[in-house]
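Observations on chain architecture
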Amino acid sequence: MINSIQKEAQDKMSKTTAVLKADLQKVRTGRASLSLLDPVKVDYYGTPTPLSQIASLAIPESRMITIQPWDASIIKEIEKAILKANIGLTPSSDGKMVRVSIPPLTEQRRKEIVKTVQKISEEHKVSVRNIRRDANEVLKGLKKDGKISEDDMFKAQDYIQKITDEHVKQIDEINREKEKEILEF
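Quick summary incoming for the structure in this document. (Residues numbered from 1 in each chain as written. Predicted model: local features only at pLDDT ≥ 70, side-chain atom pairs only at ≥ 80, totals over all residues. Heavy atoms only, no water.)

1. Let's talk about the pattern of salt bridges
To keep things clear, this is the line we draw: Criterion for a salt bridge: a side-chain nitrogen of Lys or Arg within 4 Å of a carboxyl oxygen of Asp or Glu. Strands are runs of DSSP state E lasting at least 2 residues, helices are runs of H or I lasting at least 4, and numbering of each runs from the N terminus. Summary of the burial criterion: residues with accessible area below 20% of their type's maximum are buried, those above 50% are exposed, and those between are partly exposed, where the area comes from a 1.4 Å probe applied to protein chains only.
Applying the stated rule across the entire model yields 13 salt bridges. The partner of Lys119 in a salt bridge is Glu123, with the nearest N and O atoms 3.7 Å apart. On the criterion of helical spacing, the pair formed by Lys119 and Glu123 is a turn pair, its members being four residues apart in helix α3 (residues 107-144). Residue classification places Lys119 among the exposed residues on the basis of a relative accessible area of 56%. The class for Glu123 is partly exposed, based on a relative accessible area of 44%. Between Glu122 and Lys125 there is a salt bridge, with the nearest N and O atoms lying 3.8 Å from each other. One end of the pair, Glu122, and the other, Lys125, are both in helix α3, three residues apart, so they sit about a helical turn from each other.

2. What about the environment of Ile65?
Put simply, the rule reads: Contacts were defined at the residue level, with two residues in contact if any of their heavy atoms lie within 4.5 Å.
Note that Ile65 resides in strand β4 (residues 64-69). Residue Ile65 is classed as buried on the basis of its relative accessible area, which comes to 0%. Residue contacts for Ile65: discarding those within four places in its chain leaves Ala32, Ser33, Leu34, Leu37, Ala58, Ile59, Pro60, Val98, Arg99, Val100 and Ile102.

The values reported here are purely geometric and, on their own, carry no functional implication.
What follows is the structure, encoded as C-alpha cells:
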C-alpha cells in the first residue's frame, strides 16, 4: 500500500518534470526550433491543419526555418497562418518554399524571457510540492485509520520528501539550462 502511494507520487512528479521540458521547448530563444511553429494551424481546404502535417520542416541554419509544403498551392495560406499565429515571426517565400528567419533577441527581451521561464519553472515546483502534500495526506489518513504504523508513515514521508527534493533539483537544472540557452548570444 505504501509502495503504491510512493510510486504514484514519483510517477506524477516525473510527469510534471516532462511537462516542464515540453513547456520550455515552446519558449522562444535566439535559435530556430521547430516547436516555435507548433501553434501554427494552416487552413488546408477548410480544415485547420498543423503545419507539420502538410509540409516538411527543416532548420538549415541556427536562425532559419524552412517549410517545404507538399502542395505548392498552399504557400500563401502557410504565410497567412504564420502571421495570424502571432508568434513574432515573419515568413517569406520564393514560390516553392517558405523561409522563416528568427530575429536575434535584444538584451531586454532576453531578460523578459528568462523571467517567464523562471515563472513556468516555479509553477512546476509548486505542482511537485502539491503532489508531495497529497501523498502525505493519504499516508496520514492510513495512519489515522490504523492501517499503517507511525514509523511506517514517517519512513514513507521521508522517502516522498527525498523524491520531491530530487524533482525540484531537476526542475532547477532544466531552468538553468534554458536560461543559459536564452542568454547565450
